[in-house]
Each structure stands twice: as structure tokens, then as C-alpha cells.
Amino acid sequence: MVRLRALAAATFGRRALAALLYAVLAFPLALVGFVLTLAGLLTGLVLSVTPFGLWLLAGTVRGALALGALQRLLARRLLGLRIEEPAPPGGRGILGRRRALLGDRPGRRAVGCALLTPFTAVFGYAAVLIGYVYGVLLTLFPVLKQWDRNTVHHADGSVSHVSLEFWGFQVDTWPRWLIPCALGLLLLAVVPFLLRHALAPHRVLLAALLGPDPADRRIRTLEETRAQAVEDAAATLRRIERDLHDGTQARLVGLAMHLTIVRELVTAGAAPDRILTAVDTAQSTATQAITDLRHLVKGIHPPVLDEGLPAALATLAADVALPVELRTDIRTRPSPAVESIAYFCAAELLANAVKHSGAGTATVDVTADDILLRLRVTDDGRGGAVVGAGSGLTGLLARVRTVDGTLTCASPPGGPTVITVELPHT
């Protein structure tokens, strides 16, 4: 009984029915798109010697882009396949937009997708027909055979009713009708597997042609990381200016005032204890100013990084308010920029573990070779960390992307939380 329920859930569950609906809709949609796109291209090419032909070609490309947007929507809603939307065609004015439609890569890729999708969507349609349609019909054969049968007149004048026959072998009677029932149940049992693999070529085609071109995606990533790097630099300069103005500058002004007081006390012949008190106050202010400057410099580039990333991380781990186990295996020293990013990522992740996760212990693993530096920070906290929604991980992801790095987060509810940062060696 439990196995039957599991079979029914796998075959007629929400995800299975969504894939079924997608397979049923994808093939007719692809077929209509193929016919309209092919007709538009052929007609536009024939009339390309006239202005109308170019406009028809541009309209065909725009229609292919609209069809691609609809296919991305269906794939996201029914299959859970998220395909990034390509950059919209540019161009100014009517002629500029037409030129962009005809010349940009996304339009050509959308046209290619419209011409190829019928040949991949047909596999899903066939899987639905074989698995679901024939599976249900064969499973319900004992009930349906009363209405779906042929009347056969024999040479001797007798009449018989045949519902299902294989090469002269009839399966209408008990227990022969168990054969189609068993075959139908087998088809229904394997149809999720069959449909998933039948839709695989179609998914690959959509992801390859309806998403951004790799070159366009690279350009977009570079633009985003450049903008993020500029914003980070501007924010760092503002922070340094604020810290200097509100901290160090105020303490230096206080030091100057205390030195003026000392001068006045010495000139006035004040008691030595009053002069010593003023000197002690000035010395304390100077010491605090030096401490502020060191802290400011450490926030820009920790001096301990000059000794290497292992020494810097060891110093960082010693200052964290929870036990931290540090394991490093750095065969080749990375570039200073990569070391700095790895250090600040480790500092931010350990600070998050202390403030937000309720962790009791943390582990920092760092490995580096000639190609990649991998930093993994693990804590035994409550979990639930996600990238996005304004979390600090979003800022870290933006920082590592400036050097083509990646950040992944695995943090199920209840923990543990594992954050992995991968940075190119140089």
C-alpha cells in the first residue's frame, strides 16, 4: 500500500503534473513558432530587395524573442528551470532598433531556438503519449474494454467482440487482461523517469540559446564588478575620511589643546603635579591617536598580511571570541589582492558566526595552489544563512566577484553553516 502511494505521488504529484503540462504545451508552441518563424524568414528573404523585407525580418526576430520569453516563463513556472534573460536589443530610433534586432546575437539565437525547439520538444510529447496516455488506457483496460471493442464476423457466421489483440492473441478474458494492466502500471511507474530524460535535450537547448551569450554574460559581469569595485573604493574613502575626522583628528586637536595648557602652566610657574597631570593627559591622548591610526591602517590593509595569509589568519583567529580551528595548506602564495580579499572574507564570516549564528566553535580551512585559493569557514550555529536579502554575504559575494571569484553557502536550519569562497590564484 505504501509503495502504491509512493508510485501515485511520483506519477501524479505536483512536480510530475507540472512536467506533464509543460510537455503537452511545449510541442504545439514550438511547432507554431517554427512555422511562423520559418515563414517570416523565407518571405523576408524573398522581399529583402524591398524595404518591406527588412521590416518583416525584424518583425520575425522580435516575434522569436517574444516566443523565447514565453518559453522561459513556462520553463521557470513548470520545470523550475531559471534562464537568465538576455540583454534587450538597443538602438535609437526606428531604424536603429531595426538594425539592432537584425544584428544583435540574442535575436539570432532566439530565431535559432524557434527553428530547433520542435525537434527537441517532440520527445517530451512522445513520452507523455506513451507513458501517461497509454499507461492509463492499459491500466483501465478491464473497464474500458466494454466500450472500446470491435465486432468480428467469422466465416462460419459467428460473431465475436475483440477489444485488444496482439498478432492474433486476444487478451479480453480473465486472466489475460492482467497483461495490459501490468504493462500500464509499469508505464505509469517509469513515466516520471522517462519524461525527465525526454525533456533533457529541450532544457539544454533552451538554456543554451535563450539565455545570455557567454560573451555578453562576461561583459555584464565585468560591468557589475567594476561598478561594485568603484562603489567599494568610494565607500572606503568615505569611511577613512569619517574616521580621520571624527576620531584621529579630534584626538590630535585635543593633544594640541593639552600641550597649550602645559605651556601655559610652565610659563605661569604652576606646581609640578599640575604640570605632570597635564602632560599625562596629553600623552594618553597621543597614545589613543596612534591606536586609532593603527586601527585605521589595519582596516585598509592589515600589516600582518605582509607576513603571509597563514600568519594573518592565525592572528585573526586568536582575536575571535570563540574557539577557532585553523587549517592551511598554501603551496604557492597568492597575489596580494587575493590574500587581502580572503583575509577580509574570513574576518567577516567569523564575525557573523559570533554575532548571528550562536556558534560554539568555528573552523577555517584554506588551501591554495597555482590555480585556485579556496577558503571554507564552518560553524556549528543555528544555520539558516542565505545569500541576499541584505545579508552581509551579499557584500562578500560582490567583493569576490571583482576578481572572478565565487561564494557558495550551505546553511540548513539547525546548522552547520559552511561558506566556501573560491578565488583565482592571481
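Quantities reported herein were computed from a predicted structural model and do not represent experimental measurements.

Scoring rules and cut-offs
- Residues numbered from 1 in each chain as written.
- Predicted model: local features only at pLDDT ≥ 70, side-chain atom pairs only at ≥ 80, totals over all residues.
- Heavy atoms only, no water.
- Pairing = 2+ DSSP bridges.
- Helix = DSSP H or I, 4+ residues; strand = E, 2+ residues; numbered from the N terminus.
- Axes fitted to C-alpha atoms, helices over the stretch in contact; angles between N-to-C directions.
- Parallel < 35°, antiparallel > 145°, perpendicular 65-115°, else oblique.
- Left-handed = near helix turned anticlockwise from the far one by under 90°.
- Contact = heavy atoms within 4.5 Å.
- Nonpolar A, V, L, I, M, F, W, Y, C, P; charged D, E, K, R; others polar.
- Phe/Tyr/Trp six-rings, centres within 6.5 Å; stacked < 30°, edge-to-face > 60°.
- Buried < 20%, exposed > 50% of the residue type's maximum accessible area, 1.4 Å probe, protein only.
- Salt bridge = Lys/Arg side-chain N within 4 Å of Asp/Glu carboxyl O.
- Core = buried A, V, L, I, M, F, W, Y, C linked by side-chain atoms within 4.5 Å.

## Points about the sheet that holds strand β8 (residues 406–410)
Here is step 1 of the chain: On the basis of which strands lie adjacent, the open sheet formed by 5 strands has the order β5-β6-β7-β9-β8 and mixed pairing. The open sheet is flanked by β5 (324–330) and β8, the only strands paired with a single partner. Within the sheet, the average angular offset between the axes of one strand and its neighbour, ignoring direction, is 10°.
Here is step 2 of the chain: Of the pairings in the sheet, the one linking β5 to strand β6 (residues 362–368) comprises 7 bridges and is parallel in character. Considered in β6, the bridge of R327 is made with D365.

## Considering the packing of helix α11 (residues 309–319) against helix α12 (residues 336–357)
Here is step 1 of the chain: Put simply, α11 and α12 touch, their axes get as near as 10 Å, and they point 20° apart. Our classification of the angle between α11 and α12 gives roughly parallel. When the axes of α11 and α12 are compared, the crossing they make is right-handed. On the side of α11, the interface is formed by L309, A312, L313 and L316, while α12 contributes E339, A342, Y343, A346, A347 and L350.
Here is step 2 of the chain: Taken together, the residues of the contact of α11 with α12 sort by class into 9 nonpolar, no polar and 1 charged.

## Section: the packing of aromatic side chains
Here is step 1 of the chain: All chains considered together, the criterion is met by 3 aromatic pairs.
Here is step 2 of the chain: Here F27 and Y125 contribute two aromatic rings whose centre-to-centre distance is 5.2 Å and whose plane-to-plane angle is 40°, an arrangement assigned as tilted. Of this pair, F27 sits in helix α2 (residues 14–46) while Y125 is found in helix α5 (residues 105–139), placing the two residues 98 residues apart along the sequence.
Here is step 3 of the chain: Under the relative-accessibility criterion, F27 is labelled buried at 16%.
Here is step 4 of the chain: With a centroid separation of 5.5 Å and an interplanar angle of 80°, the aromatic rings of Y343 and F344 are classed as edge-to-face.

## Considering the pattern of salt bridges
Here is step 1 of the chain: Enumeration according to the criterion identifies 5 salt bridges in this entry.
Here is step 2 of the chain: Salt-bridge contacts for R374 lead to E422; the nearest nitrogen and oxygen are separated by 2.9 Å. One end of the pair, R374, is in strand β7 (residues 372–379); the other, E422, is in strand β9 (residues 417–424), with 48 residues separating them in the sequence.
Here is step 3 of the chain: On the basis of relative accessibility, which here comes to 25%, the residue E422 falls in the partly exposed class.
Here is step 4 of the chain: In the salt-bridge network here, residues are joined through shared partners; they are E325, R327 and D365.

## Observations concerning the pairing of β7
Here is step 1 of the chain: Judged by which residues are buried, β7 turns out to be one-sided: L373, L375, V377 and D379 face inward and are buried, whereas L372, R374, R376 and T378, on the alternate face, are not.
Here is step 2 of the chain: Examined bridge by bridge, β6 and β7 share 7 bridges and lie antiparallel to one another. Bridge pairing links V366 to L375 in β7.

## What about the nonpolar core?
Here is step 1 of the chain: Formed by 32 residues in total, the largest nonpolar core has its most connected members in L309, Y343, L373, L375 and L423.
Here is step 2 of the chain: Listing elements by their share of this core, those giving two or more residues are α11, α12, β6, β7, α13 (392–401) and β9.
Here is step 3 of the chain: Here the element with the most residues in this core is α12; it accounts for 9 residues.
Here is step 4 of the chain: Residues F27, A30, L79 and L195 belong to the second largest nonpolar core, which totals 28 residues.

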